[in-house]
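# Examining the three-dimensional arrangement
Spelled out, the chains give:
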Amino acid sequence: MSDSAPPTVPRLVVETHPVDDVKLLIPLIDPRHPLVWLRKGQGMAGIGEALRLEFGGAGRMLDACAAWKDVVAAARVTDPVKLPGSGLIAFGTFAFADDSAATSTLIVPRVIIGKREGRFWVTKVRVEGSDEPMPTAISRPLGPEYRLTLLPGEVSADGFRASVDAAVDRISAQELDKVVLARDLVGHLPAGADLRRPLTDLALGYPDCWTYAVDGFVGSSPETLVRVSHGTVSARVLAGTTARGADAQADHDQAVALATSPKDLDEHGFAVTSVLAALRPHSRSLTTSEVPFTLKLPNLWHLASDVEGVLSDGSTSLDLIAALHPTAAVAGTPTETALRVIRELEPFDRGRYAGPVGWVGADGDGEWAVALRSAQVDEAGDITAYAGCGIVADSDAEREYLETKMKFRPIVEAFG
């Protein structure tokens, strides 16, 4: 890494050390400002902020990519562990829409605790010349239990059904093939609420999902937008959803019905096609299964397809989230028409919902999820949760409303 840094970029001094077993990550993080990226008990937790970078507008992801390269070029990194997530990393979350009022941000923590593949480490980050004390990574008991009720926000149940009907009319008129519409729920946290409580519930209840917390944005997403590791790229595409059955036979029947549903297969096909189209310029060897598989989560079934390939142009994970976002799974097809219809039919700013959330390393590798099953918590304790579904020609408004209820369940139960 170079000795000359752009004048506006602080020089970070980063030291990673292997440590003995780390039992749990969530008890180590800040109760009010948690930073975590976790799946199946593995991942990273961050404490404090060594550096915060903020972005906005249509170029927010490419601007983040350029800024991150400057930060990396200026940094002095010692990393004997050399695992995904060790060394210099930043946690990130990006707004869904180009004109969103929500800030897109990369955060480099002061302390990062990681666990992966049976190995454990601690990374400490300081700005060169700073003598600010380093935070201590200690496990602290969770704060008092609390329960809150999330109520409809700017979109009522009837309002959502009406927007679905309006979208189906536009699809029938061949204005577009698919559009993803969302609705919101709102609530308020009690004073001093410990955000590690809902995060613990999400991590334990949905271990196969990416549980995340970045800048007050929390959730547990089943969908991998992109993962870049040592020159390989992978993604998991989800589109098409149904509820779990009440017993084993009913559950099996639900999965079979989903896997053979023309409506859900069409919706899924649009999503896979959009991901392949976005990744092809960056990889000459993409593969995906011809038929989607059914992915079982605690509360629902998804149609899923995995995409894998070898990068041919040296793209970083930040380059690829810029290329991929928004996929048809969260916007629709054609993309620009779907985004216009979303602006017209959704009366709110999605913020970071359905945008990329994850982390990037010094080498550009990283893991990014589509920010689903999510809620934004602001400094005043106000919370806004989001859920949406894909609308195609034969969508039924009541069924789509019930699908959003299923998708709200992880957040509603974690907070309530």
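A quick note: this is a predicted structure, and the numbers were derived from the prediction, not measured.

Rules used in this analysis
- Residues numbered from 1 in each chain as written.
- Predicted model: local features only at pLDDT ≥ 70, side-chain atom pairs only at ≥ 80, totals over all residues.
- Heavy atoms only, no water.
- Helix = DSSP H or I, 4+ residues; strand = E, 2+ residues; numbered from the N terminus.
- Rg over C-alpha atoms; globule rule 2.2 N^0.38 Å.
- Buried < 20%, exposed > 50% of the residue type's maximum accessible area, 1.4 Å probe, protein only.
- Contact = heavy atoms within 4.5 Å.
- Areas by Shrake-Rupley, 256 points an atom, 1.4 Å probe, with all protein chains shown as cover.
- Phe/Tyr/Trp six-rings, centres within 6.5 Å; stacked < 30°, edge-to-face > 60°.
- Pairing = 2+ DSSP bridges.
- Polar contact = N/O pair within 3.5 Å; in protein donor to acceptor, adjacent residues only side chain to side chain.
- Core = buried A, V, L, I, M, F, W, Y, C linked by side-chain atoms within 4.5 Å.
- Expected span 1.5 Å × (residues − 1).
- Bend = angle between axes of the 7 residues up to and from the residue.
- pLDDT = per-residue confidence, 0-100.

### Some words on the overall build of the protein
Counting its regular elements, the protein contains eight helices and 23 strands. Scaling as 2.2 N^0.38, a compact globule of 416 residues should have a C-alpha radius of gyration of about 22 Å, and the protein matches this with 21 Å. Over its C-alpha atoms, taken along the principal directions, the protein stretches across nearly 60 × 50 × 40 Å. Split into buried and exposed, the 416 residues of the protein put 56% on the buried side. Taking as baseline every contact in the protein between residues at least 6 positions apart, the subset at least 24 positions apart corresponds to 76%. As presented, the protein carries roughly 16,900 Å² of accessible surface, and 52% of it is formed by carbon and sulfur atoms.

### Side note on the packing of aromatic side chains
If you walk through the whole model with that rule in mind, you get five aromatic pairs. Aromatic pair F348 and Y386: ring centres 5.7 Å apart, planes at 40°, arrangement tilted. Taken together, the residues span a long stretch of sequence, with F348 in the loop between α7 (335-345) and β20 (356-361) and Y386 in strand β23 (residues 382-391) at a distance of 38 residues. Comparing F348 with Y386 shows no difference in burial state: the two are buried.

### Overview of the pairing of strand β22 (residues 374-377)
The pairing of strand β13 (residues 217-221) with β22 spans three bridges and is classified as antiparallel. From the neighbouring strand, V218 faces β22, where its bridge partner is A375.

### Focus: α7
Considered for burial, the residues of α7 that qualify are T337, A338, L339, V341, I342 and L345. Looking at the buried positions of α7, the neighbouring elements they touch are α2 (157-172), β11 (178-188) and β19 (332-333).

### Focus on the side chain of T241
Position of T241 among the secondary structure elements: in strand β15 (residues 232-243). In terms of polar contacts, T241 uses its side chain to reach the side chain of H302, at 3.1 Å. Sequence-distant contacts of T241, that is, excluding residues within four places in its chain, are made with L258, D264, L300, W301, H302, R399, E403, M406 and K407.

### Things to note about the pairing of strand β9 (residues 119-127)
Note that strand β1 (residues 12-18) and β9 share seven bridges and pair antiparallel. When the sheet's bridge partners are listed, T16 is paired in β9 with T123. Note that strand β8 (residues 111-116) and β9 share six bridges and pair antiparallel. Paired with G114 across the bridge in β9 is W121. If you look at the hairpin formed by β8 and β9, you'll find two residues sitting between the two strands, and E117 has a positive phi there, around 55°.

### Quick look at unusual backbone geometry
Across the chain, the bulk of peptide bonds are trans and the bulk of non-glycine residues have phi less than zero. Residues H325 and P326 are joined by a peptide bond in cis, for which omega reads -5°. Checked against the element boundaries, P326 lands in the loop between α6 (317-324) and β19. Here T333 and P334 are connected by a cis peptide whose omega angle stands at -10°. Mapped onto the fold, P334 is located in the loop between β19 and α7. In the Ramachandran plot, R373 falls in the positive-phi region, its phi being about 45° despite a non-glycine side chain. Within the secondary structure layout, R373 lies in the loop between β21 (366-370) and β22.

### Thoughts on the side chain of T327
Relative to the helices and strands, T327 is located in the loop between α6 and β19. If we ignore the near neighbours within four places in the chain, the residues touching T327 are L225, S274, V275 and G332.

### Observations regarding the nonpolar core
Residues W68 and L106 are the most contacted members of the largest nonpolar core, which totals 90 residues. Element by element, the count of residues in this core is highest for helix α1 (residues 60-74), at eight residues. In contact with W68, not counting residues within four places along its chain, are L88, I89, A90, L106, V108, L318, V360, G361 and A362. Counting residues in hydrophobic clusters, the runner-up holds 39 residues, among them V36, A45, A203 and F408.

### Side note on helix α8 (residues 397-415)
Its 19 residues give α8 an end-to-end C-alpha distance of 27 Å, which sits within 8% of 27 Å, the value for a rise of 1.5 Å per residue. Maximum bend of α8: about 45°, positioned at F408, with proline P410 one to four residues after it. Turning to α8, its buried residues number three or more, namely A397, E400, Y401, E403, T404, M406, K407, F408, P410, I411, A414 and F415.

### Focus: the environment of V370
Examined against the element boundaries, V370 turns out to sit in strand β21. Counting along the chain gives 144 residues from V370 to V226, while the straight-line C-alpha distance between them is 8.8 Å. Sequence-distant contacts of V370, that is, excluding residues within four places in its chain, are made with S221, E223, L225, V330, A354 and G355.

### Looking at the confidence of the model for the protein
Averaged over every residue, the pLDDT of the protein is 94; residues scoring 70 or more account for 98%. Within the model, pLDDT remains below 50 along residues 1-6, and this stretch shows eleven contacts once partners closer than five positions in the same chain are excluded.

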